[in-house]
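A structural walkthrough
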Amino acid sequence: MNPENYYEVVAAELDRYAKVPDEVLLEIVTRDGACMWLWADEDGPEWEDEEITDREAAARLCAECPVRGVCLELELRTAGEDTVGVWGGLSQDDRREVFRVWRARREGGGAS
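I will try to describe carefully the structure that is included in this document. Note that the structure is predicted; figures quoted are calculated from it, not measured.

Topic: the overall build of the protein chain
For the protein chain, the helix and strand inventory stands at six helices and zero strands. Its helices and strands in sequence order give the protein chain the pattern α-α-α-α-α-α, from N to C terminus. The long-range fraction of contacts in the protein chain, counting pairs at least 24 apart against all pairs at least 6 apart in sequence, stands at 59%. Put simply, the protein chain shows about 7,000 Å² of open surface, and 50% of that area lies on carbon and sulfur atoms.

Here you go:
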């Protein structure tokens, strides 16, 4: 799958959250997000001090997270193009690309 198709698929999967209020998304992410539990331990994850890319961090941190889509939806709504760090299993560069497609879908330029 080429990158353009990948970003379209990711954005399309988020359509299911379009009508969910921000407060509900935030509650789900803070309650069920893997990252919230990972840093609850004072020591943090074993790999915290390793030099890894955002993509590697996203893969490690979000691999088994049950709320990746909810997290990504929340981040796109609240940070948009100004996104930083790892959210929803994507690096900030990948999220910026998804944001472009996501925004077009929400503005009626491609939502199904």
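Topic: empty space enclosed by the protein
Applying the stated criterion across every chain yields a total of one cavity of 30 Å³ or more. By volume, the largest cavity amounts to about 80 Å³. Forming the boundary of the largest cavity are 14 residues, of which Cys35, Cys62, Cys65, Cys71 and Gly88 lie nearest the centre. Among the elements of the structure, helix 3 (34–38), helix 4 (54–62) and helix 5 (68–78) are those that each provide at least two residues to the lining of the largest cavity.

Description of the environment of Glu23
The topology assignment puts Glu23 in helix 2 (residues 22–32). Between the alpha carbons of Glu23 and Leu74 there is a distance of 9.3 Å; along the sequence they are 51 residues apart.

About the criteria used
- Residues numbered from 1 in each chain as written.
- Predicted model: local features only at pLDDT ≥ 70, side-chain atom pairs only at ≥ 80, totals over all residues.
- Heavy atoms only, no water.
- Helix = DSSP H or I, 4+ residues; strand = E, 2+ residues; numbered from the N terminus.
- Contact = heavy atoms within 4.5 Å.
- Areas by Shrake-Rupley, 256 points an atom, 1.4 Å probe, with all protein chains shown as cover.
- 1 Å grid on protein atoms, 1.4 Å probe; cavity = no way out; pocket = protein on both sides within 12 Å on 5 of 7 lines; lining within 4 Å.
- Points joined across faces, edges and corners; volume = space filled by probe spheres on them.

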